[in-house]
Amino acid sequence: QMQLVESGGGSVQAGGSLRLSCAASGDTYSSYCLGWFRQPPGKERGGVARIHRDGRTMYAGSVKGRFTISRDNAKNTVYLQMNSLKPEDTAMYYCAAEICFFGWPGLSSGEYKLWGQGTQVTVSS
């Protein structure tokens, strides 16, 4: 099993940027798909972005064009670059991992077994 640790969250004004990191350890990182999810206050967790082991990416429509997911296999780390942040982006952000093949998994949280503890992102008006 891998262990996932998120970092990079914080408070930012609308229109600003943040870069989240998720460091993985304890297993074969390159065998996994990695995803970013978020849970706004009082709402359920939803998918943000996913990156496959071959580099293919998938984004939620609400973040497409503003967020970019990437991975650095040498560092066993996945990133989420967030630009043009909006107040509605405020949430606890989680990274997740699942062994992947073909086009699975996607952006459904139920498809992932391994989760980090989360990092808070707060965007003010």
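Structure: above.
Model, not experiment: these values are computed from the prediction.

Parameters at a glance
Residues numbered from 1 in each chain as written. Predicted model: local features only at pLDDT ≥ 70, side-chain atom pairs only at ≥ 80, totals over all residues. Heavy atoms only, no water. Disulfide = S-S within 2.5 Å. Helix = DSSP H or I, 4+ residues; strand = E, 2+ residues; numbered from the N terminus. Buried < 20%, exposed > 50% of the residue type's maximum accessible area, 1.4 Å probe, protein only.

Caption draft 1: Geometry of the state of the cysteines. Under the criterion given, the structure shown has two disulfides. Each sulfur in the disulfide pair cysteine 22 and cysteine 95 lies 1.9 Å from the other. On the S-S bond that ties cysteine 22 to cysteine 95, the torsion sits near 55 degrees, and the link is right-handed. Taken together, the residues span a long stretch of sequence, with cysteine 22 in strand 3 (residues 18-25) and cysteine 95 in strand 9 (residues 91-99) at a distance of 73 residues. Owing to a relative accessible area of 1%, cysteine 22 belongs among the buried residues under this scheme. Across a sulfur-sulfur distance of 2.5 Å, cysteine 33 and cysteine 100 are joined as a disulfide pair. Judged by the sign of its S-S torsion, about 95 degrees, the cystine formed by cysteine 33 and cysteine 100 is right-handed. Residue cysteine 33 is found in strand 4 (residues 32-39), and its partner cysteine 100 is found in the loop between strand 9 and strand 10 (114-115); the two are separated by 67 residues along the sequence. By relative accessible area, which is 0% here, cysteine 33 ends up buried. In the protein, the bonded cysteines, taken in the order they occur along the sequence, pair up as 1-3, 2-4.

All we've got here are geometric facts, nothing functional implied.
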